Every structure is written in structure tokens, then in C-alpha cells.
Amino acid sequence: MTLLDAVVVGSGPNGLAAAVTLARAGLGVRVLEAQPTIGGGARTVAIPELADGMLFDLCSAVHPMAWASPFFRSFDLSARGVELVAPDVAYAHPLDGGRAGIAFRDLARTADRLGPDGDAWGDLLGPLTAHWRQVTALALGDKRTVHGMAEGVPGSGGHTLPVRALASMVGPGLHFGSALLEQGGPRWDRRFLTDEAKALLTGVAAHNITPLPSLGGAGTALLLAALAHADGGWAIPVGGSQAIVNAMVRDLEAHGGTVETGRRVESWSDLPPARAVFFDTTPSTLLRIAGDRVRLRRRAALRRFQYGNAAAKVDFVLDGPVPWQVPDVGRASTVHVGGTRAELVAAEDSVSHGLHADHPVVLVSDPSVADPSRLSGPVRPLWTYAHVPAGSTQDVTEAVTRQIERFAPGFRDVVVGSRCIPAAQMERHNENYPGGDISAGAATMWQMVARPTLAPDPYQVAEGLYLCSASTPPGPGVHGMGGWHAARRALLREFDVRSLPDLRP
Ligand SMILES: Cc1cc2nc3c(=O)[nH]c(=O)nc-3n(C[C@H](O)[C@H](O)[C@H](O)COP(=O)(O)OP(=O)(O)OC[C@H]3O[C@@H](n4cnc5c(N)ncnc54)[C@H](O)[C@@H]3O)c2cc1C
């Protein structure tokens, strides 16, 4: 049997980012994917029992990081024909009484709408938006090395110390750090006066599914809120998330790589001989398959990796738009549903205690707002998920419907079909989400940094053996950075490739 250079287990965006980078360096790469189709958390699928010919995003739907991450900026999705469309409202947060926080793409317009909190919003996010490259580098960096923390910032290429890049990161870094401490701790209520501004930022912080306020949630909120006002906004790929991973596979195949679907790797003997193996999986899966190749101490540390709380997905089919009480809410690519900051805190607190919240945090996206090709006449898919405790078996369709109906009276009347995937069943279509943990590991501040362990190299777990999934820095999201960081280390260590491959089309 011929010896491959690299095998990648899993075809999520991180696995494919690793595969593309390695293939671009001239190596022989094979990707093995357990599921029948490629893409992991970026798949778009038909659900014939729900609607004939309609496509649904199985996991991720909204993609600020698909234009902003250093990997994707180098890979350049739009030059490959992937259209990332961002509506002029990035995200919205409806409240009782016909009120709503609206995050326009335009920061000044957002501030204007927030009235008395406009200046405070601008002061918090303006500097981060203006320096989004630096902020993105910090947030999506490898959390270990100078080079890995300055990726994509002008002046960061090459092997010498990226002095110019680092110098340009000091100011934004200090602002990010102080904003993180403010919004991630007890002082978070001091900045804003209105329910609208408080809820608008907290809805984004809640993405981490951790108790609030938290440093991890604040980090996510500041990055994503800044990107909402930056160049590409909260983008939706035309045709669905699948367009992103399809472009990656096209590039991989054009450079000699191959992908095999329906190939679940259960043990080391399922792997073809290769000089290096990359796991786009959780640490638990890696240990199950290759644990005996990992040193005892590292193995013990990987076993301590914590999984987090969960999401239960509900896909709806609607025969008209969601009748949001505040019409601007219906122009957003994402709507955070859950009420005021205090209600969001209470809901996440319940989940962190293993309880289902009476009024859960719900994320909602109608892709046709940005991409009319997702419509079938007036009929459209509606992507939603609710935060629930890890391992929840509950069908949350009614809870999600109630939450949306609260801010969009008449919602029930436009629903023509729905399907729930309870958290406990998430693993069936992607074993990287144990118990429904869509972050592939709790997104606490500690685990956003010490992911999957505190080791100086979070990716190489043994010689020729790498973890490259969302369980490594920088964590969850469709950004490809875990795969890229891992592949770049392996190029140097396993293959003595010193110059980094060009990823441009
Ligand atoms: C409901 C939901 C909504 C989300 N929304 C967003 C969003 O809007 N925007 C965003 O940026 N992110 C979102 N995310 C997160 C994002 O999808 C993930 O963080 C991202 O896909 C992680 O990429 P990855 O490559 O690390 O792993 P994944 O995309 O999870 O891919 C891992 C792949 O490995 C395969 N695999 C695992 N074990 C094996 C094995 N033993 N053998 C073979 N193959 C294996 C899996 O089948 C899977 O295809 C969402 C996730 C979920 C579940």
C-alpha cells in the first residue's frame, strides 16, 4: 500500500482547511468522512419529509468568519464564486412592547437608533470595528505563539518577528482587553442604560452557552459585534453553508487530494498508512482511536477536556416571512430571541444548572432575507436552535415557537412544517457535538485559551498526530483556523516545508 503524506479524519471546515493547506504544499492528502456528505458543521441538506426540493443548513448558517478569518482571507471564497451576502441589518434582538435592538451594518446608524446608548455603543465597538483585522487575529489566533497571534495583520508574513503587525495590535488589543473585562464581569451593566443596547450585546455573548456575564461570552460578543459593522458583516453564503466547504473540496481535489465519505474511522487499523494523521474530531474520538500513541501525561490532560451545554435544532418551513412586530427585525440575518439581558442571564443560568429554561435563548435565521434563491415561491426554510442542558432529549419545537410568537404574533400561522433534532441526537449527524455541545468543548474563557489542554502546542499531540478541530484554538466557528494552525506546524515538523503555501485561487 502506498504511503500517504497525510490523512485527515473528518471533513469539517477545520479538517478541510488542514487538507487544503497540506495539498497546496504538494503533499498527498486523503480526507475520511464518516457521514454520507462532506462539510461537518457546514453542511446544507435536503429534508424531504419536511419540504421537497428545499435546502436546510444542518448546523452553521451565518458566517462572519468566512470572510474575516485569516485562513479564508487567504483562501478567498468570493474569488472562487462563493457569494457571501450580508443584509444591512446584521442581527436584531426583539423585546416586549414593540421594541428591538437593531445592529445595522452601519455602526453610526446603529448608534443613532440606540438613542441614549448610541455613544456608549460607538465607544465600545468603534475601535474594534476600525481594527477588525487585529481583533480577529487576537480572537482567532493560536493563543500560544507570536506568529500565530498576528495572522493576517499587515506585516505578519515570513519567519522574522512580525514587529509591524504586533505594534499595530497593541492599541486594539488593550481596548479589546479592557472591554472584555468590562463586559465579561460585574461591571457590564454600567455601560448601557437601555434594554435594547444591553440585550443587543448579550444576545451575541449568549452564543457560548455559558453562564452570563462571562469572559468567554464577552470575547465572542466583542469579536462578532465588531465584525457585524465591518466589511463583510454577518454573511450568508448563497445556496447555504455547503457552498463554503464545496469550494474547499474543489481546491483540495485540484491539488491532488481526495475525500472519501461514509468512512467512519473507529480504530487505527481503519487508517491508510500515512506520515501524519490529523483529527478534525473531539479529543475523546482521537483518544479512542489513537490514545495508545499519546504520552500518558498528555492523554490524561486530554481526558480532562470539558464538554459544554448544548443546542437543540428546529428547522421550520414557513409559507411567509416571520411576522416580527418590529419590521426591521425581519431584515436581519440573525435574530436573538430571549428578551432582556436579565431574561437571557436567567435562561443561561438554568441551562448551566442542567435545567430547561422556561424561556430559552433561541437563535433564528431566515436565509432568504439575504439569499432569495432559498425561497420556493412564498415558502422558505427557517433555521433555529435553542440552548438546552447537555444531553437533553427534549423536543423543543413548542418552546421555540412560543418564544418567536412572543415577538412575532401570528408566527404559528405561517408554520407549515417543522423538525426538531434534540441535543442528545446531534451526535448522530456529527460526533463532534457530544450531548449536543455545538462548540466541541465548553466555550469558557479557560477552555478558549487552554483548548484542548494547556500544552505549548495545542495541535500536535504526538509525533505525526494532530488534533485540528474546533476543540483546539481558536474554538468553534467556521473559520478554518484550527486546521490551518495545525497544518502549518506539521509542514515544518513532519515535512520540513519551511515556506507556507499560497492559498489563493
Ligand atoms: C446547530 C449549530 C449551529 C451553528 N451555527 C454556526 C454559525 O451560524 N456560524 C458559525 O461560524 N458556526 C456555527 N456553528 C459552529 C460550527 O459549525 C463549528 O464550530 C464548525 O463546523 C467546526 O468545524 P470543525 O471542522 O472543527 O468540525 P465539524 O464541522 O464539526 O466537522 C467534523 C467532521 O468530522 C467528522 N468525524 C468526526 N468523527 C469522525 C470519525 N471517527 N471518522 C470520520 N469522520 C469523523 C464529522 O462527521 C464531521 O463531518 C454551529 C454549529 C451547530 C451544530
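Residues numbered from 1 in each chain as written. Predicted model: local features only at pLDDT ≥ 70, side-chain atom pairs only at ≥ 80, totals over all residues. Heavy atoms only, no water.

Explain the overall build of the chain to me, using residue names and the numbers behind them.
Regarding its fold elements, the chain presents 18 helices and 17 strands. Relative to its length of 505 residues, the chain is compact, with a C-alpha radius of gyration of 21 Å against a globular reference of 23 Å. Principal-axis analysis of the C-alpha atoms gives the chain an extent of 65 × 55 × 45 Å. A buried classification covers 62% of the 505 residues belonging to the chain. Expressed as a percentage of contacts within the chain between residues at least 6 apart in sequence, the contacts between residues at least 24 apart total 75%. For the chain, the accessible surface area stands at approximately 18300 Å², while carbon and sulfur atoms represent 53% of it. For the chain, the centre of its 45 positive side-chain charges and the centre of its 49 negative side-chain charges are spaced 7 Å apart. (Helix = DSSP H or I, 4+ residues; strand = E, 2+ residues; numbered from the N terminus. Rg over C-alpha atoms; globule rule 2.2 N^0.38 Å. Buried < 20%, exposed > 50% of the residue type's maximum accessible area, 1.4 Å probe, protein only. Contact = heavy atoms within 4.5 Å. Areas by Shrake-Rupley, 256 points an atom, 1.4 Å probe, with all protein chains shown as cover. Lys, Arg positive; Asp, Glu negative; His and termini not counted. Charge placed at Lys NZ, Arg CZ, Asp CG, Glu CD.)

How would you sum up the sheet that holds strand E16 (residues 460–462)? Please name residues and give values.
One open sheet holds the six strands; their spatial order is E9-E2-E1-E10-E17-E16, and the pairing between them is mixed. Every other strand in the sheet has two partners, leaving strand E9 (258–260) and E16 as the edge strands with one partner each. Neighbour to neighbour, the strand axes of the sheet diverge by 25 degrees on average, direction disregarded. Strand direction decides the pairing type here: E16 and strand E17 (residues 465–467), joined by two bridges, are antiparallel. Residue pairing across strands places Gln460 opposite Tyr466, the latter belonging to E17. (Pairing = 2+ DSSP bridges. Axes fitted to C-alpha atoms, helices over the stretch in contact; angles between N-to-C directions.)

Which residues make up the domain arrangement of the chain, and what values go with them?
Here the chain is partitioned into domain 1 (4–62 + 238–306 + 440–495), domain 2 (96–228) and domain 3 (308–428). Every contact between the two is made by 21 residues of domain 1 and, on the other side, 21 residues of domain 3. Of the roughly 1400 Å² buried at the junction of domain 1 and domain 3 (both faces included), carbon and sulfur atoms supply 61%. Of all residues in domain 1, the largest losses of buried area upon contact with domain 3 belong to Leu50, Met54 and Val62, amounting jointly to 34% of the total for that side. Applying the counting rule to domain 1 against domain 3 returns two salt bridges. With a closest N to O distance of 3.5 Å, Arg374 and Asp57 form a salt bridge. Taken together, domain 1 and domain 3 are joined by seven residue pairs in polar contact (both at pLDDT 80 or more). No other element matches strand E4 (residues 55–57), which puts three residues into the side of domain 1 that touches domain 3. (Domains from an automatic or database assignment. Buried area = accessible area lost by both parts, 1.4 Å probe. Salt bridge = Lys/Arg side-chain N within 4 Å of Asp/Glu carboxyl O. Polar contact = N/O pair within 3.5 Å; in protein donor to acceptor, adjacent residues only side chain to side chain.)

So what's going on with the side chain of Ser333? Which residues, and what values?
The topology assignment puts Ser333 in strand E12 (residues 332–337). Of note is the side chain of Ser333, whose polar atom sits 3.0 Å from the backbone oxygen of Trp234. When neighbours within four sequence positions are excluded, Ser333 is seen to be in contact with Val62, Pro87, Val89, Ala90, Trp234, Ile236, Val364, Ser365 and Asp366.

Before we move on, can you summarise the pairing of strand E13 (residues 362–365) with the specific residues and values?
With burial as the criterion, each face of E13 is covered, one bearing Val362 and Val364 and the other bearing Leu363 and Ser365. Of the pairings in the sheet, the one linking E12 to E13 comprises three bridges and is antiparallel in character. Looking at the pairing, Val337 lines up with Val362 of E13. Here E13 pairs with strand E14 (residues 380–388) via four bridges, running antiparallel. Bridge assignment links Leu363 to a residue of E14, and that residue is Tyr385.

Can you tell me about the site of the ligand, naming the residues and giving the values?
Glu33, Gly41, Val62, Ala470 and Gly477 are the nearest of the 37 residues found near the ligand. Ala34 has a polar backbone atom sitting 3.1 Å from a nitrogen atom of the ligand. At 2.8 Å, a backbone N or O of Ala470 approaches an oxygen atom of the ligand. Calculation on the ligand without its partners gives an accessible area of 990 Å², and the protein chains cover 96% of this total. (Near = heavy atom within 4 Å.)

An account of unusual backbone geometry is requested, with residue identities and associated values reported.
Pro213 follows Leu212 through a cis peptide bond whose omega is -5 degrees. Mapped onto the fold, Pro213 is located in the loop between helix H8 (195–205) and helix H9 (215–228). With an omega of 10 degrees, the peptide bond between Pro473 and Pro474 qualifies as cis. By secondary structure assignment, the location of Pro474 is in the loop between E17 and helix H18 (481–495). Not every positive phi belongs to a glycine, and Lys143 is a case in point at roughly 60 degrees.

Go over a nonpolar patch on the surface with me, naming the residues and quoting the values.
Together, Leu181, Leu215, Met445 and Val449 make up a nonpolar patch on the protein surface, roughly 300 Å² of accessible area in all. Of note, Leu181 is situated in helix H7 (residues 163–183). (Patch = residues over 30% accessible without salt bridge, like charges linked within 9 Å, V, L, I, M, F, W, Y side chains within 5 Å.)

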